[in-house]
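Residues per chain are reported as follows:
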Amino acid sequence: RRPAVPVSAAVAAAPDGAMSNGVYVPPAANGDVKPVVSSTPLVDFLMQLEDYTPTIPDAVTGYYLNRAGFEASDPRIIRLISLAAQKFISDIANDALQHCKMKGTASGSSRSKSKDKKYTLTMEDLTPALAEYGINVKKPHYFT
Amino acid sequence: RAGSRPAGSPADNYQLARRRTLQVVVSSLLTEAGFESAEKAAVETLTEMIQSYISEIGRSAKSYCEHTARTQPTLSDIVVTLVEMGFNVETLPAYAKRSQRMVITAPPVTNQPVTPKALTAGQNKPHPSHIPGHFPEFPDPHTYIKTPTYREPVSDYQVLREKAASQRRDVERALTRFMAKTGETQSLFKDDVSTFPLIAARPFTVPYLTALLPSELEMQQMEETDSSEQDEQTDTENLPLHMSTDDSGPEKENASVLQQNSSLAGSRNGEENVIDNPYLRPVKKPKIRRKK
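Residues numbered from 1 in each chain as written. Chains lettered and ligands numbered in written order. Predicted model: local features only at pLDDT ≥ 70, side-chain atom pairs only at ≥ 80, totals over all residues. Heavy atoms only, no water.

S.K.: Quick one: what's the story with the overall build of chain A, residue by residue and with numbers?
M.R.: Scanning chain A from N- to C-terminus turns up four helices and one strand. Along chain A, helices and strands appear, N-terminal first, in the series α-α-α-β-α. The burial tally for chain A puts 39% of its 144 residues in the buried class. Taking contacts inside chain A between residues at least 6 apart in sequence as the whole, the part at least 24 apart equals 54%. (Helix = DSSP H or I, 4+ residues; strand = E, 2+ residues; numbered from the N terminus. Buried < 20%, exposed > 50% of the residue type's maximum accessible area, 1.4 Å probe, protein only. Contact = heavy atoms within 4.5 Å.)

S.K.: Which residues make up the overall build of chain B, and what are the values?
M.R.: Of regular secondary structure, chain B possesses nine helices and three strands. Its helices and strands taken in sequence order, chain B reads α-β-α-α-α-α-β-β-α-α-α-α from the N to the C terminus. When the 292 residues of chain B are sorted by exposure, 24% land in the buried category. Across chain B, every contact between residues at least 6 apart in sequence was considered, and the portion connecting residues at least 24 apart equals 44%.

S.K.: Just give me the short version of the interface of chain B and chain A, but keep the residues and values in it.
M.R.: Contacts between the two partners involve 62 residues from chain B and, on the opposite side, 60 residues from chain A. Roughly 5500 Å² is buried in total at the junction of chain B and chain A, and carbon and sulfur atoms are behind 75% of that figure. Contact with chain A buries area across many residues of chain B, yet B:Phe35, B:Ile54 and B:Leu75 alone supply 12% of it, more than any other trio. The interface formed by chain B and chain A holds nine residue pairs in polar contact (both at pLDDT 80 or more) in total. Contributions of two or more residues to the side of chain B that touches chain A are made by helix H1 (10-33), strand S1 (37-38), helix H2 (40-67), helix H3 (75-84) and helix H4 (92-98) of chain B. Of the residues forming the side of chain B that touches chain A, the biggest block, 15 residues, is contributed by H2(B). Along the lines of polarity and charge, the residues of the side of chain B that touches chain A split into 36 nonpolar, 18 polar and eight charged. Here strand S1 (residues 120-121) of chain A runs beside S1(B); their pairing, made up of two bridges, is parallel. Looking at S1(B), one finds that A:Thr120 is bridged to B:Ser37. (Buried area = accessible area lost by both parts, 1.4 Å probe. Polar contact = N/O pair within 3.5 Å; in protein donor to acceptor, adjacent residues only side chain to side chain. Nonpolar A, V, L, I, M, F, W, Y, C, P; charged D, E, K, R; others polar. Pairing = 2+ DSSP bridges.)

S.K.: Could you give an account of H3(B), with specific residues and numbers?
M.R.: All names here are of chain B. Most of H3 sits inside the fold, with eight of its 10 residues counted as buried. By the burial criterion, the buried members of H3 are Leu75, Asp77, Ile78, Val79, Val80, Thr81, Leu82 and Val83. Gly86 sits one or two residues past H3 and shows a positive phi near 90°.

S.K.: Which residues make up helix H2 (residues 58-68) of chain A, and what values go with them?
M.R.: The set of residues buried in H2(A) consists of A:Val60, A:Thr61, A:Gly62, A:Tyr63, A:Tyr64 and A:Leu65. Immediately beyond the C-terminal end of H2(A), within one or two residues, lies A:Gly69, with a positive phi of roughly 100°.

S.K.: Run through the pattern of salt bridges, naming residues and quoting values.
M.R.: All names here are of chain B. Counted by the stated rule, this structure contains nine salt bridges over all chains. Residue Glu48 pairs with Arg19 through a salt bridge whose shortest N-O separation is 2.8 Å. Of this pair, Glu48 sits in helix H2 while Arg19 is found in helix H1, placing the two residues 29 residues apart along the sequence. Looking at Glu48, the relative accessible area reads 30%, which means it is partly exposed. As a salt-bridge pair, Arg59 and Glu56 come within 2.9 Å of each other at their nearest N and O atoms. One end of the pair is Arg59 and the other is Glu56, both in helix H2 and three residues apart, which spans about a single turn. Judged by its relative accessible area of 29%, Glu56 is partly exposed. Beyond isolated ion pairs, a larger network of salt bridges with shared partners links Arg19, Glu44 and Glu48. (Salt bridge = Lys/Arg side-chain N within 4 Å of Asp/Glu carboxyl O.)

S.K.: Outline the packing of helix H4 (residues 123-132) of chain A against H2(B), supporting the account with residue identities and numerical values.
M.R.: Viewed as axis vectors pointing N to C, H4(A) and H2(B) meet at an angle of 30°, and their least axial separation amounts to 9 Å. Relative to H2(B), the element H4(A) lies roughly parallel. Between H4(A) and H2(B) lies a crossing whose hand is left-handed. When H4(A) is examined against H2(B), the residues A:Met123, A:Leu126 and A:Leu130 are found in contact with a partner set consisting of B:Ala41, B:Ala42, B:Thr45, B:Leu46 and B:Met49. (Axes fitted to C-alpha atoms, helices over the stretch in contact; angles between N-to-C directions. Parallel < 35°, antiparallel > 145°, perpendicular 65-115°, else oblique. Left-handed = near helix turned anticlockwise from the far one by under 90°.)

S.K.: Before we move on, can you summarise the nonpolar core with the specific residues and values?
M.R.: Core analysis: the biggest nonpolar cluster contains 60 residues, and A:Leu80, A:Leu126 and B:Leu46 have the highest contact counts within it. Every element with two or more residues in this core is listed here: helix H1 (43-48), H2, helix H3 (75-106) and H4 of chain A together with H1, H2, H3 and H4 of chain B. A per-element tally of this core places H3(A) first, with 14 residues. Not counting residues within four places of it along the chain, the set of residues in contact with A:Leu80 comprises A:Leu42, A:Phe45, A:Leu46, A:Leu49, B:Leu75, B:Ile78 and B:Leu92. (Core = buried A, V, L, I, M, F, W, Y, C linked by side-chain atoms within 4.5 Å.)

S.K.: Account for the confidence of the model for chain A, naming residues and giving values.
M.R.: Low-pLDDT portions of the prediction should not be read for the details of their coordinates. Residues at a pLDDT of 70 or more form 62% of chain A, whose mean pLDDT is 73. Averaged pLDDT values over the elements of chain A bottom out at 76 in H1(A) and peak at 90 in H2(A). (pLDDT = per-residue confidence, 0-100.)

S.K.: Can you break down the side chain of A:Ser82 residue by residue, with the values?
M.R.: Residues and elements named next belong to chain A. The residue Ser82 is located in helix H3 in this model. Overall, the relative accessible area of 0% leaves Ser82 in the buried class. In terms of polar contacts, Ser82 uses its side chain to reach the backbone carbonyl oxygen of Arg79, at 2.9 Å. Contact partners of Ser82, with chain neighbours within four places excluded, come to Pro54, Ile56 and Thr61.

Structural data, given as structure tokens:
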């Protein structure tokens, strides 16, 4: 389920086929690869990020980044990373919700209320959702 | 790293607080997705995942940045990292705008680990110039400085003379009391025997004998030099007592005096044979060989 995202790194060299902002675009384009002509995609998004506070506090994200050796110069970078992590978890949660709904309505229960409104995230829903991302978890049901 | 709850150090509490914040964040994300409740194991799994995700982004971004001989990571490093991890960066602005209505929870934790100042004693030594300022301070001076606690010896002449004199007096007194307790005593007072014991003055029958006799040390040396004829001398100690005052020869004199001393000791021993005091046992003199 890895999306085929084109890499648009700011490359210094500019051989022919390069756009005006220095990004190299290969001239022969087959169907899969979609050349991205914009600059680093999130630059302007980063500007909007100044007033937006993601759910994860900056201190917490900064703490984990520092433990990994990442010294953040710009606080907006930290917000970007925390947003990315949030989105990661949200995607997994949405997939798990889909699984949960599928299990509920697949057996053809009453349509009056499309399954009860209470969805509980269980490991049985989470495991196949994570398996699509390539993460295999095996949790024991009980501990002896 | 997570889960156990002993009385942790401030660093442990620091870690745990942040992990709890991540759990709260995960829970809020799940709530936003539409879940009402979640299994504990599932929340733990997601918390662990988000922590690893953030750490991995940091590590990978740092690696990419250093790969191009830089030290400060930039936006491009992060974009490359996210792409490499399979994250669709194009959807990120859409996601951010979508979740504007989401509740912003999880206030940051504010407990900083603080080293207590209550236990410092004395002034720490300041840093020498070659040590940068952000290094930790020197430890308390009492950890590496030791002052010896003895007083210097008294070298005053008067005090030393007094000390020597009192020591000598004590030794003399102790020795005389010892001799009085183990030997015969005379007393000055008729009724009070034990207060001032005097060493009894028993005259020798032959007063000049001690001048003639060799000392024990010399006799031992004589014995060690030629120690071949010791057996013949065993009989001299068992001869009956007889007081002979003729000074015939030095060996005969020795033999007689030996018997005299041993007999005196024997009589004394006969009175106190119940007490096995090592100081009161008969003196064992070394054997004399008879020089031929």
